[in-house]
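Spelled out, the chains give:
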2 protein chains.
Amino acid sequence: MAMEKQVENKKNERRLTKKGKETRARIIAAAAQLMFERGVSGTSVEDVQNEAKVSASQLYHYFKEKRELVKAVIVYQTEQVLNAQEPFLSHLDSMEALKSWRDAIVQLQIERQCQGGCPIGSLASELSDTEPEARTELAAGFMKWEQSIRNGLQTMHARGELQAEAKPDDLALALLTALQGGLLLTQVYKETRPLKAGLDAMLAHIGTFTI
Amino acid sequence: MAMEKQVENKKNERRLTKKGKETRARIIAAAAQLMFERGVSGTSVEDVQNEAKVSASQLYHYFKEKRELVKAVIVYQTEQVLNAQEPFLSHLDSMEALKSWRDAIVQLQIERQCQGGCPIGSLASELSDTEPEARTELAAGFMKWEQSIRNGLQTMHARGELQAEAKPDDLALALLTALQGGLLLTQVYKETRPLKAGLDAMLAHIGTFTI
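Residues numbered from 1 in each chain as written. Chains lettered and ligands numbered in written order. Predicted model: local features only at pLDDT ≥ 70, side-chain atom pairs only at ≥ 80, totals over all residues. Heavy atoms only, no water.

- You'll find chain A entered in an unreviewed UniProt entry as Transcriptional regulator, with Pullulanibacillus camelliae given as the organism.

Here it is, written out as structure tokens:
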């Protein structure tokens, strides 16, 4: 998106009244839920109108085209995922903390009966090749996630709890790949075995660098 | 699918003439390509007709509903992916072989400019929660892939090249999760760093069990 347009959007957002903000938030939440269930291309603007109980002109007031709505959904889902994991993500600086995070992720999939996979991963799989703006937004979301993991590992490294030759950047990215693959295969197999196998192997790998 | 229907389908397939088989194969290849590019819900039966240059009644002759076509596409894509990797998959019984496989996978993504991710993974992300028959077929595809990896690791284990406490089943599944997550994040980031980080970490983990 061009810088001008971004600025314009931000202005528009600031200009919204409290009620306007609530309506916009309701539209995004409805769109996010539908796109999570049916995918982006399986969700029409009309579906979102019905789900959010807004008129076509109301929806158009906030989002001029589906593409804008999709971007808002990506930002929303990234926030949802990272906020839900926040208590863990801000302190991934010990093997115990990494294991607690792993347990919480596995537990969530059990509660969800292995439905849904990763809300950001699903959007990424559908949009990365066909929607360049969405891809940029998705990459930014994943990089935030990666950054949180990296922060914890860098802290361990700086404290001398990981060997000097350990590379927190690579380890953080590797852990995020195991998490994403684990969530996808857990969604396919409908059991948490892949998620556990992926995360446990990656934590064992990180563990080999501890002092 | 009920057993009767499966038997009936198999019968129908056997009954096809050479030309009929070619037409059926052309329809599946066209559908696979479109679904790879646009997703399943972004691909209509009409799109497939146009791409495969067949009439509506011809397409209906082979596939009574889109669901049947989707199943055929899953089987086709699984064969494509596993056949392309076959020279590696049948001999993943040494660290060198695992590394050569890793290099080939990374090289393929470079050649594809990090487009497409995993054709089976993309279908899995879209269909696993909403299409139970498709999910079963996708899980079967992934399990074949997992089995090939496991066979190599079990051979190493049986030969005493992996420590007794190594668990080839878990390691194979962990490696497949790193591969899937690596392909997805490579598609999002449009660089092979995630794929390399995921696979290299997992191979290093497997390496810790070598004797």
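## Remarks on the packing of aromatic side chains
Consideration 1: Enumeration over the complete set of coordinates arrives at 2 aromatic pairs over all chains.
Consideration 2: Ring plane angle 5° and centroid distance 6.1 Å describe the contact between A:Phe142 and A:Trp145, whose orientation is recorded as stacked. In this pair, A:Phe142 and A:Trp145 are both assigned in helix α8 (residues 132–158), 3 residues apart and thus about one turn of the helix distant.
Consideration 3: One residue, B:Lys64, lies across the ring of B:Tyr60, its end atom 4.7 Å from the ring centre. (Phe/Tyr/Trp six-rings, centres within 6.5 Å; stacked < 30°, edge-to-face > 60°. Helix = DSSP H or I, 4+ residues; strand = E, 2+ residues; numbered from the N terminus. Lys NZ or Arg CZ within 6 Å of the ring centre and 35° of its normal.)

## Quick word on the UniProt feature "DNA-binding region" (unreviewed entry) in chain A
Consideration 1: In the numbering used here, UniProt assigns the feature "DNA-binding region" (unreviewed entry) to residues 44–63 of chain A.
Consideration 2: Annotated as residues 44–63 of chain A, this span is 75% helix and 0% strand, and its ends, taken at the C-alpha atoms, are 13 Å apart. (UniProt positions renumbered as here; feature names shortened; annotations may be inferred.)

## Overview of the environment of B:Thr177
Consideration 1: By the element assignment, B:Thr177 lies in helix α9 (residues 168–189).
Consideration 2: Since its relative accessible area comes to 0%, B:Thr177 is described here as buried.
Consideration 3: Once residues within four sequence positions are removed from consideration, B:Thr177 is found in contact with A:Thr177, A:Ala178, A:Gly181, A:Gly182, A:Leu185, A:Pro194, A:Gly198 and B:Met202. (Buried < 20%, exposed > 50% of the residue type's maximum accessible area, 1.4 Å probe, protein only. Contact = heavy atoms within 4.5 Å.)

## So, the interface of chain B and chain A
Consideration 1: Of the residues lining the interface, 43 residues belong to chain B; the matching set on chain A comes to 43 residues.
Consideration 2: Taken together, the two surfaces of chain B and chain A that pack against each other cover about 3,400 Å², and 64% of this comes from carbon and sulfur.
Consideration 3: On the chain B side of the contact with chain A, B:Asp129, B:Val188 and B:Tyr189 bury the most area, a combined 17% of that side's loss.
Consideration 4: Inspection of the chain B/chain A interface yields 4 salt bridges.
Consideration 5: Between A:Asp129 and B:Lys190 there is a salt bridge whose closest N-O contact spans 2.6 Å.
Consideration 6: Our count for the chain B to chain A interface comes out at 13 residue pairs in polar contact (both at pLDDT 80 or more).
Consideration 7: Contributions of two or more residues to the side of chain B that touches chain A are made by α7 (119–127), α8 (132–158), α9 and α10 (193–207) of chain B.
Consideration 8: Tallying contributions element by element places α9(B) first for the side of chain B that touches chain A, with 14 residues.
Consideration 9: Tallied by class, residues from the side of chain B that touches chain A come to 19 nonpolar, 17 polar and 7 charged. (Buried area = accessible area lost by both parts, 1.4 Å probe. Salt bridge = Lys/Arg side-chain N within 4 Å of Asp/Glu carboxyl O. Polar contact = N/O pair within 3.5 Å; in protein donor to acceptor, adjacent residues only side chain to side chain. Nonpolar A, V, L, I, M, F, W, Y, C, P; charged D, E, K, R; others polar.)

## A look at the UniProt feature "domain: HTH tetR-type" (unreviewed entry) in chain A
Consideration 1: In this numbering, the UniProt entry assigns the feature "domain: HTH tetR-type" (unreviewed entry) to residues 21–81 of chain A.
Consideration 2: From the first C-alpha to the last, residues 21–81 of chain A spans 21 Å; its make-up is 80% helix and 0% strand.

## Side note on empty space enclosed by the protein
Consideration 1: The full count for this structure, using the stated rule, is 2 cavities of 30 Å³ or more.
Consideration 2: In this structure, the largest cavity encloses a volume near 140 Å³.
Consideration 3: Considering the residues around the largest cavity, the lining is formed by 18 residues, among which A:Ser125, A:Leu184, B:Gly121, B:Ser125 and B:Leu184 are closest to the centre.
Consideration 4: Mapped onto the lining of the largest cavity, the elements with two or more residues apiece are α7 (119–127) and α9 (168–189) of chain A together with α7 and α9 of chain B.
Consideration 5: Partitioned by chemical class, the residues of the lining of the largest cavity number 6 nonpolar, 12 polar and no charged. (1 Å grid on protein atoms, 1.4 Å probe; cavity = no way out; pocket = protein on both sides within 12 Å on 5 of 7 lines; lining within 4 Å. Points joined across faces, edges and corners; volume = space filled by probe spheres on them.)

## Quick word on the relation of the copies chain B and chain A
Consideration 1: Of the two same-sequence chains, chain B is brought onto chain A (RMSD 0.0 Å, axial shift 0.0 Å) by a rotation of 180°. These values place the two chain copies in the arrangement generated by a two-fold rotation axis. Looking at the rotation axis and the C-alpha trace of chain B, the residue lying nearest is B:Gly181, at 1.9 Å.
Consideration 2: Interface residue correspondence from chain B to chain A reaches 100%, placing this contact among same-surface, isologous pairings. (Least-squares fit on C-alpha atoms with pLDDT ≥ 70 in both.)

## A look at the domain arrangement of chain A
All names here are of chain A.
Consideration 1: Along its sequence, chain A is organised into domain 1 (1–64) and domain 2 (73–211).
Consideration 2: One C-alpha centre belongs to domain 1, the other to domain 2; they are set 28 Å apart.
Consideration 3: At the interface, 10 residues of domain 1 touch 9 residues of domain 2.
Consideration 4: A combined buried area of about 790 Å² lies between domain 1 and domain 2, and 72% of that area is made up of carbon and sulfur atoms.
Consideration 5: In terms of surface lost to domain 2, no three residues of domain 1 exceed Ala 32, Phe 36 and Val 40, which account for 55% of the buried area on that side.
Consideration 6: Joining domain 1 to domain 2, the criterion identifies 0 salt bridges.
Consideration 7: Linking domain 1 with domain 2 are 2 residue pairs in polar contact (both at pLDDT 80 or more).
Consideration 8: When its residues are assigned to classes, the side of domain 1 that touches domain 2 shows 8 nonpolar, 2 polar and no charged. (Domains from an automatic or database assignment.)

## Remarks on the side chain of B:Thr186
Residues and elements named next belong to chain B.
Consideration 1: Among the structural elements, Thr 186 can be located in helix α9.
Consideration 2: A distance of 3.4 Å separates a polar side-chain atom of Thr 186 from the backbone oxygen of Glu 191.
Consideration 3: When neighbours within four sequence positions are excluded, Thr 186 is seen to be in contact with Gln 109, Cys 114, Glu 191, Thr 192, Pro 194 and Leu 195.

## Topic: the packing of α7(A) against α8(A)
Residue and element names in this part refer to chain A.
Consideration 1: The contact between α7 and α8 brings their axes to 10 Å, and the two run at 145°. Seen along the crossing, α7 lies across α8 with a hand that is left-handed. Judged by residue contacts, Ile 120, Gly 121, Leu 123, Ala 124 and Leu 127 of α7 engage Ala 134, Leu 138, Phe 142 and Trp 145 from α8. (Axes fitted to C-alpha atoms, helices over the stretch in contact; angles between N-to-C directions. Left-handed = near helix turned anticlockwise from the far one by under 90°.)

## Let's talk about the side chain of B:Thr43
All names here are of chain B.
Consideration 1: You can see Thr 43 is positioned in the loop between α2 (18–38) and α3 (45–52).
Consideration 2: The class for Thr 43 is buried, based on a relative accessible area of 1%.
Consideration 3: Reaching out from Thr 43, the side chain makes a polar contact with the backbone oxygen of Gly 39 at a distance of 2.8 Å.
Consideration 4: Beyond its immediate stretch of four places on either side in the chain, Thr 43 contacts Leu 34, Met 35, Arg 38, Val 48 and Lys 66.

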